[in-house]
Structures are given as structure tokens and as C-alpha cells.
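Chain by chain, the residues:
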Amino acid sequence: MLDGLNLENGHLTQSQKDAYWDDGYLFPIKVADTAQAAQWRRDLQTIEANWLDNGLPLPLNTYKRVNAQVVMPLACEIGLHDPILDAVEGILGPNVMLYSVEFLTKEAHTKHVVTMHQDLAYWGMGDMDNILTAWLALSPATTASGCMDFVKGSHKNEILKHEDSFDELNLLSRGQEIAVDVAEEDKVAVELPPGFMSLHHGLTIHGSGPNVSDDRRIGVAIRYISSKMRKAGGVKDYAIPARGSYGKDSFQTYDQPKALFDADSMKLYDEIRTEQAKVMMAGADKSSAIY
Ligand SMILES: O=C(O)CCC(=O)C(=O)O
């Protein structure tokens, strides 16, 4: 059984931090036991079963894919899980905010992919190092199920030119893809058992292939910022305090949802999505299925 990296009391060692900054990613990190990961998977699947056709204003997939932490207590439970935050602090420092949680599912034997991209291409962030993604597996993430691939050291690039396809089979908001081809041998497969996560830098080039396995591939992409992070041009954005302190000019804070899809959180959801869409979809010539 895979143990993952050897942490020091749940915290990254100096050489693990150095590896993150050198490579632009770090994995596999165990943050939950099998029972906990299975429970989170069941909780998500219960939400899917109960809410798929339950009259939500937007498709259920939008709430799962974009800012789930605003309306789903489960997303906050995962995003504020201490073992994840202990590792994240090793990269972002002690003052951490939860920026977003996305449930990224690929059904068994489906063709959905994530084209090779850099996360920060369209996010309008004021700096590139004070944000990262923790990607947690809730089912086996393998080459067959469509795990992510990272390109080592690619975070040392600036934001590269991306092209948007708006392809229905692409899980990304604009179907965006970097305009250069990535050779197969430059891809590092990020295989993770349930309960393990990877960390990646916002400029790391990454993507994932189709799920040709018999199980669903269920991942949770959790984006964290340090409270030092500002949006470019002073644009407003939102985050939930997770660790340490934040300032008056940090992202605007809000509370975790009191209940699944409750009225207050649904109102806030629309406000945040509308504000963020102005930046995420700037310059796009089509609308997105999720923004
Ligand atoms: O879930 C995937 O396959 C890709 C996720 C991704 O692009 C991300 O977390 O930034």
C-alpha cells in the first residue's frame, strides 16, 4: 500500500517544499484514510442523487464545478480539512484562505478531458506564487481513469498563450489549451489513490485524459491563496479564511454555508459567480457552460 511522502508531523519538510518550488508540484501526499475518502465520496454521491433534478436554478454540475464551497458544506469540510491545510501552509505560509473548491468528475468510459493549460491564464491574479491547487482523489486517479499529467518545471514560464475551443468534452470553462504541443515524454502522470492529494503551482502546465476505467474518476480541486494575494487591477474577489490572519485589503471574506443550497448562500453564489465571470470570461467570443 502506498504511504505517500514522509511528512514531519503532517507538515512538509524543507526538501519537500524545495521540490515543490523546483518542479511546480508535489505528490503523493496522504491527507485522509480510506474510510474518510469513501465517506466524502458517498456524501457527494448522495448530493448528486438528491439534487440532480431538484429544481436548482443552475445545473447541479455548475455548483459542483464552480465555487462549491459557497453552497455545499461538504466542500468546506474538505477544503478546511486540517491535514490538507497543514501541507498547504508549507508552501503559502501561515495565513491561508480557501478560494474555491471544484468537484471534477469523469464518469466511467467517457471521453471528457482537460486540455493542457495553466490555471492562472484567465484568473486575473495579482501574483503567481501566492496561490496553489490541492487536488484530492476520492476514487482511484490512474492513467486509465484520466488522472492529471504535470509538466515538470513548467511553472517557471510566464502565462503562455492559450486557445479556447469551448469543446463540450473539455471540463475547462473555455476549453482552453496552451498553444504549444506538449510531448508525451514530458508528461508526469499524477496517479493517486483515494485520500491522497497533489499540490500544483498556478503556472504548472497540466491536463488529463479520458476515463477508460470501470469506475468514476472523482477529484476535488481546492484552490488556496495566501492572504497576501490581491487581484490584478484591484478587482473584487472573495475567499473564506482558513488559517492565520488576513487584512482589510485581502479578498472579501464570507461565511461557510449553514446548509446545503440554503437561500443566503445561493444569493452569495450568484454575486461571486457574476463578479468572477467578468474576469474569467474576459475576451471570450462564446459563453461557457459553467460561467
Ligand atoms: O481534474 C482534472 O483532470 C484537471 C484538474 C485541473 O485542471 C486543476 O485542478 O487545475
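Reading the values: the criteria
Residues numbered from 1 in each chain as written. Predicted model: local features only at pLDDT ≥ 70, side-chain atom pairs only at ≥ 80, totals over all residues. Heavy atoms only, no water. 1 Å grid on protein atoms, 1.4 Å probe; cavity = no way out; pocket = protein on both sides within 12 Å on 5 of 7 lines; lining within 4 Å. Points joined across faces, edges and corners; volume = space filled by probe spheres on them. Helix = DSSP H or I, 4+ residues; strand = E, 2+ residues; numbered from the N terminus. Nonpolar A, V, L, I, M, F, W, Y, C, P; charged D, E, K, R; others polar. Pairing = 2+ DSSP bridges. Axes fitted to C-alpha atoms, helices over the stretch in contact; angles between N-to-C directions. Near = heavy atom within 4 Å. Polar contact = N/O pair within 3.5 Å; in protein donor to acceptor, adjacent residues only side chain to side chain. Sits in = over half its atoms within 2 Å of the grid points. Core = buried A, V, L, I, M, F, W, Y, C linked by side-chain atoms within 4.5 Å. Buried < 20%, exposed > 50% of the residue type's maximum accessible area, 1.4 Å probe, protein only. Arc of directions from axis to C-beta. Contact = heavy atoms within 4.5 Å.

1. Here we look at empty space enclosed by the protein
Rolled over the atoms, a probe with the dimensions of a water molecule shows which regions are left empty.
Thinking step 1. Applying the stated criterion across every chain, the model contains one cavity of 30 Å³ or more.
Thinking step 2. Approximately 410 Å³ is the volume attributed to the largest cavity.
Thinking step 3. Looking at the largest cavity, it is lined by 28 residues, and the ones nearest its centre are Arg65, Glu102, Trp123, Leu172 and Arg223.
Thinking step 4. Secondary structure elements with two or more residues in the lining of the largest cavity: strand 2 (96-106), strand 3 (114-117), strand 10 (206-208), strand 11 (217-226) and helix 7 (263-280).
Thinking step 5. Grouping the amino acids of the lining of the largest cavity by side-chain chemistry returns 13 nonpolar, 10 polar and five charged.

2. Side note on the sheet that holds strand 8 (residues 187-189)
Thinking step 1. Reading across from one edge, 3-10-5-8 is the order of the four strands in this open sheet, with antiparallel pairing throughout. Only two strands of the sheet have a single partner each, and these edge strands are strand 3 and strand 8. Strand-to-strand twist across the sheet, computed as the mean angle between neighbouring axes with direction ignored, equals 25 degrees.
Thinking step 2. Pairing geometry for strand 3 and strand 10, over two bridges, is antiparallel. Within strand 10, the residue paired with Val114 across the bridge is Ser208.

3. Observations regarding the site of the ligand
Thinking step 1. Close contacts around the ligand come from 14 residues, with Asp119, His206, Ser208, Arg217 and Arg223 the closest.
Thinking step 2. Arg223 is positioned with one of its side-chain polar atoms (N or O) 2.9 Å from an oxygen atom of the ligand.
Thinking step 3. Given that more than half its atoms are within 2 Å of the pocket grid, the ligand belongs to the largest cavity.
Thinking step 4. Among the secondary structure elements, those contributing two or more residues to the shell around the ligand are strand 2, strand 3, strand 4 (131-137), strand 10 and strand 11.

4. Some thoughts on the nonpolar core
Grouped burial of nonpolar side chains is what soluble globular proteins tend to show.
Thinking step 1. Ile84, Phe103, Leu199 and Tyr224 are the most contacted members of the largest nonpolar core, which has 50 residues in total.
Thinking step 2. With six residues, helix 6 (residues 82-92) is the single largest residue contributor to this core.
Thinking step 3. Core analysis: the second largest hydrophobic core is formed by 16 residues, Ala141, Cys147, Leu171 and Leu192 among them.

5. As for helix 1 (residues 14-23)
Thinking step 1. The set of residues buried in helix 1 consists of Gln16, Tyr20 and Asp23. On an axial view of helix 1, the arc spanned by its buried residues comes to 90 degrees, and they lie on one face. In helix 1, the exposed positions angled more than 90 degrees off the buried face are occupied by Gln14 and Ser15.
Thinking step 2. Buried residues belonging to helix 1 abut strand 1 (25-30), helix 6, strand 4, strand 5 (148-151) and strand 9 (196-201).
Thinking step 3. Positive backbone phi, approximately 90 degrees, marks Gly24, located one or two places after helix 1.

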